Amino acid sequence: GNISCGNLVVQNIESVSRNILKVYPVPATDQINIVSPSTISQLSVYTITGSIIAEYSVNDNNYRLNVSGYLPGMFLVKCRMIDGSVAVSKIQIQK
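### Observations concerning unusual backbone geometry
Residue Pro-25 is reached from Tyr-24 by a cis peptide bond, and omega for that bond is -10°. Along the chain, Pro-25 falls in the loop between strand 4 (22-24) and strand 5 (31-47). The omega torsion of the bond from Val-26 to Pro-27 falls at 0°, within 30 degrees of zero and hence cis. Here the phi dihedral of Asn-59 falls at roughly 55°; this positive angle occurs in a residue that is not glycine.

Structure (structure tokens):
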């Protein structure tokens, strides 16, 4: 359903799970390994304020994210599974 908050309309509220992803190492310098019990169809990386940085097509349970070009700081990784569910995890990049 839709939820209206003033001018903001949110459609198709997603079920978000925070505990199903295994993300390591944290903090990371070059690469982060992301392991999910479900097949990840799409992986998105966001700044902590919600700006999207990158999107990747995955179609696997494991993904190695190259973060060597990222600035140090905290980021969010959002994984959309093939069944439509979504998982979110924080990652920390350190140089």
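Okay, back to it.
### Quick word on the confidence of the model for the chain
A residue-level look at the chain finds 80% of positions with pLDDT of 70 or above and a mean pLDDT of 85. Predicted confidence for residues 1-5 stays below pLDDT 50, and this span has 11 contacts to residues more than four positions away or in other chains.

### Remarks on the side chain of Ser-89
If you trace the backbone, Ser-89 turns up in strand 8 (residues 86-93). Contacts of Ser-89, omitting those with residues within four sequence positions, involve Leu-21, Val-23, Phe-75, Leu-76 and Val-77.

### Notes on the environment of Val-88
Along the chain, the position of Val-88 falls in strand 8. Measuring from C-alpha to C-alpha, the distance between Val-88 and Ile-20 comes to 8.8 Å, with 68 residues separating the pair along the chain.

### Examining the packing of aromatic side chains
According to the stated counting rule, one finds two aromatic pairs in the structure shown. Between Tyr-56 and Tyr-63, the aromatic rings sit 5.7 Å apart at their centres with planes inclined by 40°, giving tilted as the arrangement. In this structure Tyr-56 comes out as partly exposed when scored by relative accessible area, which is 25%. With centroids separated by 5.6 Å and ring planes inclined at 70°, the aromatic side chains of Tyr-70 and Phe-75 adopt a geometry described as edge-to-face. On the basis of relative accessible area, Phe-75 is assigned to the buried category, the value being 8%.

What counts as what
- Residues numbered from 1 in each chain as written.
- Predicted model: local features only at pLDDT ≥ 70, side-chain atom pairs only at ≥ 80, totals over all residues.
- Heavy atoms only, no water.
- Helix = DSSP H or I, 4+ residues; strand = E, 2+ residues; numbered from the N terminus.
- pLDDT = per-residue confidence, 0-100.
- Contact = heavy atoms within 4.5 Å.
- Phe/Tyr/Trp six-rings, centres within 6.5 Å; stacked < 30°, edge-to-face > 60°.
- Buried < 20%, exposed > 50% of the residue type's maximum accessible area, 1.4 Å probe, protein only.

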